[in-house]
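Chain by chain, the residues:
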Amino acid sequence: MSSLDAIKSSFNLTKDQFQAIVNGFKQEYEQGLNTAEAKGLATMIPSYVTRLPTGQEKGTFLALDIGGSTLRVCAVELLGQGQVKVNEVKRSIPMTDPLRTGEIEPFFDWMVDTVDLLLKEYHLDTTTSSLSMGVSWSFPIDQTSVSDGKILRMGKGFDLKGIEGQDLKTLFMEAFQRKNVKVKVTALINDTVGVLVAHAYNDPKARIGFIYGTGTNAAYPEKVSKMVKLNKDHSLYQDDAEMLVNTEIDIFGSDAYLPLNRFDRLLDANHNQPEFQLYEKMMSGAYLGELVRLAALELVKEKYLFDGHIPLEFKDMYSFESSQLSDLESRSADALEVRLQHFASMFTFDTPIHYQPTEKDLTTMTELCRSVATRGAKLAGAALASLIEQQYDLFQDPKEPIVIGINGSTFELYPQMPDRILTSLSDWFGPEITDRIRLEVARDGAGIGGALIAMLYAHDEEDDDL
Ligand code: GLC
């Protein structure tokens, strides 16, 4: 077996391994639903969202969407009949931005300044009353009501001093006061919950909200009666009530059922948060490039790739990005010469070598990218399979579609990603069930979803204020 084949097979996921992951995830759902308290890390987090929009609501609501690489603040005008108009202001936060690892206040002031910018740019009037804002927080949070929750360990390169355990709404409200901006936070949501609500606004059959971008995660509606962790609050809900649950599936998994190969282990050992989010590290957009780089370095060492020369682009951790994987894979239909020329332009070799990449290098790198990304697709498929199985009622009516709203760059931009995920689902469920599965892009999930939930719960907040 060639060195490349050996590496490719270490990224392969067999049916047995797929099954072990689906079973492992299902066990973690049960365990998470039964665990009352979040201690540092939490999964199966109740969102307290039990209402879904009808599509007829009107008015302007704000949403703030903070993720791994971008802050987006939106003014969402609900026009009724499922229609929305979105105005937004976006700012990126590079991985090395000191805001990520500094004090809490400057980070929240920066977010609130962006909200202020949006209000001014789009002449939104807050003179008579404050606008309601939904915050889509793409990090784990231990939620205690629709608008209250304590911040848990953040991940995605964020390590703000003293942030863990702080109340998220309070931090925003204090920043709004410091900056004299008339906005109130009426909902805190995880981005996956937002995706599901936003998608349900268009298609009420949506039963899973999935994110597959820089990070990964999923939300689905669970029967309140099964949510042991809500203990005393059960009396507040009707017997058949359902609540959206943020699974934080990104944190799931351990050696017990995740087939970690040597590159996964190396990536994890080099990471600033080792042993955290092992599943996410195997498959999400933040890590695909690094896995390829680590595997490629091994092939360079063996002189199988680039004739033993390490390109400058491979010298630093995370220097090879998922967008480059996607770029390489998307060119497979181009003429060889064109692909080779482009490939050579991606890598620089130290003088005096000036190594010229060959066709074998191109093929090797493309195949590596394909194996790593295809394993990512299968791992996403395993999560979706487990979420479908968790909702028994989806199997009741063989004519009903199983609608999944998905948001994120890895799903939306990576060549053939939806097909690869569907193939893994088809291998698992067979054609009959797979024909019912709709993987639909939920483009503006976190923004529109955040605004919709802010709208749905705006009045509850007013009552609270009394
Ligand atoms: C990370 C976060 C999670 C979020 C996901 C997708 O896994 O921990 O809260 O939903 O990324 O953005």
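Residues numbered from 1 in each chain as written. Predicted model: local features only at pLDDT ≥ 70, side-chain atom pairs only at ≥ 80, totals over all residues. Heavy atoms only, no water.

## Some details on the side chain of glutamine 390
Then, number 1: Structurally, glutamine 390 is set in helix H11 (residues 359–390).
Then, number 2: At 3.2 Å, the side chain of glutamine 390 and the side chain of glutamate 30 are in polar contact.
Then, number 3: Of note is the side chain of glutamine 390, whose polar atom sits 3.5 Å from the side chain of tyrosine 220.
Then, number 4: Setting aside its immediate chain neighbours within four residues, glutamine 390 contacts Lys26, Tyr29, Glu30, Leu33, Tyr220, Glu222 and Lys226. (Helix = DSSP H or I, 4+ residues; strand = E, 2+ residues; numbered from the N terminus. Polar contact = N/O pair within 3.5 Å; in protein donor to acceptor, adjacent residues only side chain to side chain. Contact = heavy atoms within 4.5 Å.)

## As for helix H9 (residues 322–330)
Then, number 1: All of the buried residues along H9 are Ser322, Leu325, Ser326, Asp327, Leu328 and Glu329.
Then, number 2: Summarising the contacts, the buried residues of H9 are in contact with helix H8 (285–301), helix H10 (336–346), H11, helix H12 (409–413) and helix H13 (417–429). (Buried < 20%, exposed > 50% of the residue type's maximum accessible area, 1.4 Å probe, protein only.)

## Looking at the sheet that holds strand S10 (residues 216–223)
Then, number 1: Read across the open sheet, the 6 strands follow the order S1-S11-S10-S9-S12-S13; overall the sheet is mixed. Single-partner strands in this sheet number two, and they are strand S1 (45–46) and strand S13 (437–441).
Then, number 2: Bridging between strand S12 (residues 402–407) and S13 involves 5 bridges; their strand directions are parallel. Considered in S13, the bridge of isoleucine 406 is made with valine 441.
Then, number 3: In this fold H13 packs onto strand S9 (206–212) and S13, with an angle of close to 160° to the strand it touches most, S13. (Pairing = 2+ DSSP bridges. Axes fitted to C-alpha atoms, helices over the stretch in contact; angles between N-to-C directions.)

## Observations concerning the nonpolar core
Then, number 1: Phe210, Phe306, Phe320, Met365, Leu384 and Ile421 are the most contacted members of the largest nonpolar core, which has 110 residues in total.
Then, number 2: By residue number, the principal contributor to this core is H11, which donates 15 residues.
Then, number 3: Formed jointly, this core draws a minimum of three residues from each of two domains, domain 1 (1–47 + 191–460) and domain 2 (58–189).
Then, number 4: Once you skip the residues sitting within four places of it in the chain, phenylalanine 320 turns out to touch Gly289, Glu290, Val292, Arg293, Glu313, Phe314, Leu325, Leu328, Met346, Phe347, Met365 and Cys369.
Then, number 5: Counting residues in each nonpolar core, the second largest holds 38 residues, with Leu62, Met111, Met133 and Val135 among its members. (Core = buried A, V, L, I, M, F, W, Y, C linked by side-chain atoms within 4.5 Å. Domains from an automatic or database assignment.)

## Concerning the packing of aromatic side chains
Each aromatic ring pair is specified by the distance between its two centres and by the angle formed by the two planes.
Then, number 1: Applying the stated rule across the entire model yields 28 aromatic pairs.
Then, number 2: Aromatic pair phenylalanine 395 and phenylalanine 429: ring centres 6.3 Å apart, planes at 55°, arrangement tilted. Of this pair, phenylalanine 395 sits in the loop between H11 and S12 while phenylalanine 429 sits in helix H13; the two residues are 34 residues apart in sequence, bridging distant segments of the chain.
Then, number 3: For phenylalanine 429, a relative accessible area of 16% puts it in the buried group.
Then, number 4: Taken together, the ring pairs in this structure connect Phe107, Phe108, Trp110, Trp137, Phe139, Phe158, Phe172 and Phe176 into an aromatic cluster. (Phe/Tyr/Trp six-rings, centres within 6.5 Å; stacked < 30°, edge-to-face > 60°.)

## What about the site of the ligand?
Then, number 1: Around the ligand, the surrounding shell holds 15 residues, and the nearest of these are Lys156, Asn190, Asp191, Glu248 and Glu280.
Then, number 2: Aspartate 250 places a side-chain nitrogen or oxygen 3.2 Å from an oxygen atom of the ligand.
Then, number 3: Protein contacts shield 98% of the accessible area of the ligand, which totals 310 Å² for the unbound molecule.
Then, number 4: In a pocket analysis with a 2 Å cut-off to the grid points, the ligand is assigned to the second largest pocket.
Then, number 5: Listed by contribution, the elements that provide at least two residues to the shell around the ligand are helix H5 (191–202) and S10.
Then, number 6: Here the residues of the shell around the ligand sort into 3 nonpolar, 7 polar and 5 charged.
Then, number 7: Of the residues that make up the shell around the ligand, three or more belong to each of domain 1 (1–47 + 191–460) and domain 2 (58–189). (Near = heavy atom within 4 Å. Areas by Shrake-Rupley, 256 points an atom, 1.4 Å probe, with all protein chains shown as cover. 1 Å grid on protein atoms, 1.4 Å probe; cavity = no way out; pocket = protein on both sides within 12 Å on 5 of 7 lines; lining within 4 Å. Sits in = over half its atoms within 2 Å of the grid points. Nonpolar A, V, L, I, M, F, W, Y, C, P; charged D, E, K, R; others polar.)

## Here's the deal with the sheet that holds strand S8 (residues 183–189)
Then, number 1: Read across the sheet, 5 strands follow the order S4-S3-S2-S5-S8 without closing on themselves; strand pairing throughout is mixed. Edge strands, defined here as strands with exactly one partner in the open sheet, are strand S4 (83–92) and S8. Each strand of the sheet is rotated relative to its neighbour by a mean of 25°, with strand direction disregarded.
Then, number 2: The pairing of strand S2 (residues 58–66) with strand S5 (residues 131–137) spans 5 bridges and is parallel.

## Here's the deal with the domain arrangement of the chain
Then, number 1: As assigned here, the chain comprises domain 1 (1–47 + 191–460) and domain 2 (58–189).
Then, number 2: Relative placement of domain 1 and domain 2: their C-alpha centres are 25 Å apart.
Then, number 3: If you look at the interface, domain 1 gives 32 residues, while domain 2 gives 33 residues.
Then, number 4: Buried surface at the junction of domain 1 and domain 2, summed over both partners, amounts to about 2600 Å²; 62% is from carbon and sulfur atoms.
Then, number 5: For the domain 1 face of the interface with domain 2, the top three residues by lost area are Asp191, Tyr201 and Gln273, together amounting to 18%.
Then, number 6: There are 0 salt bridges connecting domain 1 and domain 2. (Buried area = accessible area lost by both parts, 1.4 Å probe. Salt bridge = Lys/Arg side-chain N within 4 Å of Asp/Glu carboxyl O.)

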